[in-house]
Amino acid sequence: MPNESATEQAAPEDLWRLRRSLDNIDTALVAMLAERFRVTRAVGQLKARHRLDAVDVAREEAKVARLREAATRAGLDEDFAEEFIRRVMAEVVRQHREIAQKG
Ligand SMILES: O=C(O)C(=O)C[C@]1(C(=O)O)C=C[C@@H](O)C=C1
């Protein structure tokens, strides 16, 4: 293929297989994130309609604690898991404020 890197051309079959697996996982992650944002947009519309604050600190902290435990059980670094979910929630809050402003 013309746009393959030199590493890809020289890669052994195992590397190809692992990379295909990674590509599938990445696609699934994006699809799940998109689904999550579809749900949070609906939450944002409800919050705007009922004049509720975009941020729910207690819920965020409970979620972080729960996900840190889930990460540990799954063998994933819990600080990474926390960083990830906090970044996602920050984007959700940004979108909720945008929804509330635009009406
Ligand atoms: O549960 C809510 O109220 C949400 O708006 C969702 C969510 C989240 O993405 O999990 C986002 C912002 C809130 O501060 C808490 C949680």
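Scroll up a little and you will see the structure.
Residues numbered from 1 in each chain as written. Predicted model: local features only at pLDDT ≥ 70, side-chain atom pairs only at ≥ 80, totals over all residues. Heavy atoms only, no water.

A.B. asks: What is the right way to look at the site of the ligand in this model?
C.D. replies: In the neighbourhood of the ligand, 13 residues make up the surrounding shell, with Arg 36, Lys 47, Asp 56, Arg 59 and Glu 60 lying closest. At 2.8 Å from an oxygen atom of the ligand is found a side-chain nitrogen or oxygen belonging to Arg 36. For the ligand, the protein covers 92% of the area, taking 360 Å² as the surface of the free molecule. Its atoms largely coinciding with the cavity grid, the ligand occupies the second largest pocket. When contributions to the shell around the ligand are tallied by element, the ones reaching two or more residues are α2 (13-49), α3 (57-74) and α4 (78-102). Residue contributions to the shell around the ligand peak at four residues, all from α4. (Near = heavy atom within 4 Å. Polar contact = N/O pair within 3.5 Å; in protein donor to acceptor, adjacent residues only side chain to side chain. Areas by Shrake-Rupley, 256 points an atom, 1.4 Å probe, with all protein chains shown as cover. 1 Å grid on protein atoms, 1.4 Å probe; cavity = no way out; pocket = protein on both sides within 12 Å on 5 of 7 lines; lining within 4 Å. Sits in = over half its atoms within 2 Å of the grid points. Helix = DSSP H or I, 4+ residues; strand = E, 2+ residues; numbered from the N terminus.)

A.B. asks: Please clarify how the side chain of Glu 60 should be interpreted in this entry.
C.D. replies: You can see Glu 60 is positioned in helix α3. If we skip the residues at most four places from it in the chain, Glu 60 touches Val 55, Met 89 and Val 93. (Contact = heavy atoms within 4.5 Å.)

On their own, these measurements won't tell you what the molecule is for.
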